[in-house]
Amino acid sequence: MIIRLLHGLARALSNTGDEGDTRGAGHSTRHHWRCECGAHSREDGFLIRTDAEYTAQRHLLSKAVGHPVPETYSTDGILS
């Protein structure tokens, strides 16, 4: 499990160069998840997409078979 987490972190870090260079300092992409049942990620979201995907997967696995699959999405935010 730790190895998967490290691989996901490495992938996320290798992808940040494309997004981070086009926006000015202080901007950050936040990743979120939401489910049809009403559950969702916290308001501040995640800086790393794989964290949002992992948390959405944990939500799904904690539910009964047939539960809707949560979706992940991203928003641009301003760091304060």
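Residues numbered from 1 in each chain as written. Predicted model: local features only at pLDDT ≥ 70, side-chain atom pairs only at ≥ 80, totals over all residues. Heavy atoms only, no water.

Caption draft 1: Seen up close, the environment of alanine 56. With respect to the secondary-structure elements, alanine 56 resides in helix 2 (residues 49-61). With 16 residues separating them along the chain, alanine 56 and threonine 72 place their C-alpha atoms 7.5 Å apart. When residues no more than four places from it in sequence are discounted, the contact partners of alanine 56 are Trp33, Pro70 and Thr72. (Helix = DSSP H or I, 4+ residues; strand = E, 2+ residues; numbered from the N terminus. Contact = heavy atoms within 4.5 Å.)

Caption draft 2: Examining the pattern of salt bridges more closely. A full pass over the atoms with the stated rule returns one salt bridge. Taking the shortest distance from any N to any O, the salt bridge between glutamate 71 and arginine 34 comes out at 2.6 Å. Of the two residues, glutamate 71 is situated in strand 2 (residues 71-78) and arginine 34 in strand 1 (residues 27-34); the sequence distance between them amounts to 37 residues. Taking relative accessible area as the criterion, glutamate 71 reaches 39% and is therefore assigned partly exposed. (Salt bridge = Lys/Arg side-chain N within 4 Å of Asp/Glu carboxyl O. Buried < 20%, exposed > 50% of the residue type's maximum accessible area, 1.4 Å probe, protein only.)

Shape descriptors only; they carry no functional weight alone.
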